[in-house]
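# Observations on the model geometry
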Amino acid sequence: MATNACLVVSLWISCLLATTHAATFSSLQRTLVLTASPQAGQVLKAGEDNITLAWSLNTTFASGIDSTYKTITVELCYAPISQKDRGWRKTVDELAKDKTCQHNIVKKPYTSSNTTFTWTVRKDVPGATYFVRAYALDSAGKEVAFGQTTDAHKTTNLFEVEAITGRHVSLDIASACFSAFSIVSLLGFFFMDKRKAKSSK
Amino acid sequence: MAGIEGSPGSSMHGVTGREPVHAFSVASPIVPTDTTAKFDLPVDSEHKAKKFKLFSFANPHMRTFHLSWISFFTCFVSTFAAAPLVPIIRDNLNLTKSDIGNAGVASVSGSIFSRLVMGAVCDLLGPRYGCAFLVMLSAPTVFCMSLVSSAGGYVAVRFMIGFSLATFVSCQYWMSTMFNSKIIGTVNGTAAGWGNMGGGATQLIMPVLYDIIKKTGSTPFTAWRIAFFIPGWLHIIMGILVMTLGQDLPDGNLSALQKKGDVAKDQFGRVLWYAVTNYRTWIFVLLYGYSMGVELSTDNVIAEYFYDRFDLKLHLAGIIAATFGMANLLARPFGGFASDYSARYFGMRGRLWTLWILQTLGGVFCLLLGRADSLPLAVAFMIIFSIGAQAACGATFGVIPFISRRSLGVISGLAGAGGNFGSGLTQLLFFSTSKYTTEMGLEYMGIMIICCTLPVMLVHFPQWGSMFLPPSKKASEEHYYTAEYTEEEVQKGMHHNSLKFAENSRSERGNRIASAPTPPNATPNYV
């Protein structure tokens, strides 16, 4: 009876620990090798240019390390220079709260052999300096390993994206037309009023 | 000076003990009705309405009310339209935290200047032109948002759109030309409060518009620009409505009446002088900076605060932010009503106490909001803070119409400017740098509110008293309001409207004058 109770309690405690133990970036191993086509300092145009990615398992690690890997998710991540003064892109160790990687490129099932993917930079990607990171997820969707195109300090091999402005000539013209209408109708009513006041004198 | 015995109606005040308690109308014995006037609502000797019929659009009183508050609402929507879309805009324009903070300060700073000018414009040209001109001339600035492509442009356009907040002054001024002083607190509070709601409504409207436009196929960086066209169109529509349907005074428009000789034209220099040399003006400038000012600052930072501190999703943070601004629907009119209600029993002294209590309450709960560690507690404190601050705004404008009759426009303008100055200063001190976290900023803002509300204790009216001092026995309303004119001007008869106003303001003495019965053969001491 007592051992049963002990077992239940210890199981319960370990469950609790498991659920409250949030995944952190520092606990992940860099077991994936990831390469991206942009050269260091290259500027890509959003909506037009492509990035070709290739990832595979780093074979220098012990075999079987990838037994829990079920999916690979590849993300576009902000370099430190684009995080400066911008708290909404802050790097935090706890992965659930980390805001470094906000643009998902692709999510694919994991295979240990080399996989490639070509991605057109989306139009909603902001103008900034980036690198690419891939996370290996287990069956529960939790991060268990990673790989990235830059070094540990995120200083090498960074590239830029030049975003679309979002402006269009048609919008500019519409703006000008409505503004003109506003001013003209104001003056029109004003002078009509003045004339009515004069004539009623 | 002229005594109060026998002045029409005053002796009946409080005698029957059966006056209606609600502040939406003024019963006839208290303020005499002008039966010669043909209006939809009962009016007093200046043809101002004595009754506030909320769901009517009758010309001129209630129609003015609705035109006025909706114009002001529209300007609030466009001034704070960027706030809920900042997460998209900051990516499109590559903004930093200080860019966003500067834009927030800029959005409230433009109107410091424009509110001062609007006060003078209302005094000289009338509130109808003031409102229409401002609303229609700021429409191009709203359309300019879709052209912005840099941080500098963003700050500049938000600064220019912010000029439109001066419609606050035309709104309050227009209300005080149309409604009797006994109900002016409630009316002004309702009009301004519903206008201020625009700051909350925009946090709901703009994200919805953005989503709809995105669904029709636009990219995010274009969709937010198109969304700004809607506030721009609202400006144009309201401007046209004000020009075609509005009028300055119950009897007509200012220029027509000035030509007929009914309304004396005044000199800006003298109007400004009497506003600036009245010490009460400056105390109310400070007070409003710490009721309206903190409301505007909070409008700009609260969504981000809940998003960051409690890890909420953006749309949920936006809903909470909207709640803060939308509390104006009831909170500000409540403040005006509380002011009018306390005036019924305690006169002007009641109004001053009500103001002090409401504003200090707001400050205390702002302090507690900064300290709250759990989400339910934070939301509860935020709601009480919003009620306190917004009701204080309503109560402030329950007193301001009595500071001066001649310079009402300029004083309203100065107080309005003070509100924005307080907002800009508070955002600059506590919310633009990494020196203080947002929660520390809220705590310090709460402390500053409590301290800056204390000067209300210094406001003293000789004929009505102050928070701690009773009125002087020899002072009268006529003397106070006529003192704003020189001997020469009195000779020319420029002070007649002020005399009418003085008569109608007798109610600020509170219940005290109720006990004197009418002498049977009394004739009024003045016409």
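Residues numbered from 1 in each chain as written. Chains lettered and ligands numbered in written order. Predicted model: local features only at pLDDT ≥ 70, side-chain atom pairs only at ≥ 80, totals over all residues. Heavy atoms only, no water.

### Quick look at the state of the cysteines
Residue and element names in this part refer to chain A. For the record, the criterion: We call a pair of cysteine sulfur atoms a disulfide when they lie within 2.5 Å. Put simply, DSSP H or I for four residues or longer makes a helix, DSSP E for two residues or longer makes a strand, and each gets a number counted from the N terminus. Buried residues are those whose accessible area, probed at 1.4 Å on protein chains only, stays under 20% of the maximum for their type, while exposed residues exceed 50% and partly exposed ones sit between those limits.
Within this structure, the stated rule accounts for one disulfide over all chains. The disulfide that involves cysteine 77 links it to cysteine 101, with 2.0 Å between the sulfurs. The disulfide joining cysteine 77 to cysteine 101 has a torsion of about 100° about its S-S bond and is therefore right-handed. Separated by 24 residues along the polypeptide, cysteine 77 in strand S4 (residues 71-78) and cysteine 101 in strand S5 (residues 101-109) bring together distant segments of the chain. When its relative accessible area of 16% is taken as the criterion, cysteine 101 is described as buried.

### Structural notes on the UniProt feature "transmembrane region" (unreviewed entry) in chain A
For the record, the criterion: UniProt positions are given in the numbering used here, feature names are shortened, and annotations may be inferred rather than shown by experiment.
Residues annotated by UniProt as "transmembrane region" (unreviewed entry) correspond here to residues 173-192 of chain A. The span residues 173-192 of chain A is 100% helix and 0% strand, and its two end C-alpha atoms sit 28 Å from each other.

### Thoughts on helix H3 (residues 97-125) of chain B
Counted only if it meets this: Multiplying 1.5 Å by the helix residue count minus one yields the expected span of that helix.
When the terminal C-alpha atoms of H3(B) are compared, their 42 Å separation across 29 residues agrees well with the 42 Å that a helix rising 1.5 Å per residue should span. Note on H3(B): the residue one or two positions beyond its end, B:Gly126, has a positive phi of about 100°.

### Let's talk about the pattern of salt bridges
Residues and elements named next belong to chain B. In plain terms, the rule: Salt bridges are defined by distance alone: a side-chain nitrogen of Lys or Arg within 4 Å of a carboxyl oxygen of Asp or Glu.
With the rule as written, the count across this model stands at twelve salt bridges over all chains. Between arginine 509 and glutamate 477 there is a salt bridge, with the nearest N and O atoms lying 2.8 Å from each other. With arginine 509 in the segment after helix H23 (496-504) and glutamate 477 in helix H21 (residues 477-482), this residue pair connects regions lying 32 residues apart in the sequence. For glutamate 477, a relative accessible area of 0% corresponds to the buried category. With a shortest N-O distance of 2.7 Å, glutamate 478 and arginine 506 are connected by a salt bridge. On the criterion of sequence distance, the pair formed by glutamate 478 in helix H21 and arginine 506 in the segment after H23 is long-range, its members being 28 residues apart. Here glutamate 478 falls in the buried class, since its relative accessible area comes to 5%. Connected through salt bridges with shared partners, the residues Glu477, Glu478, Arg506 and Arg509 form a single ionic network.

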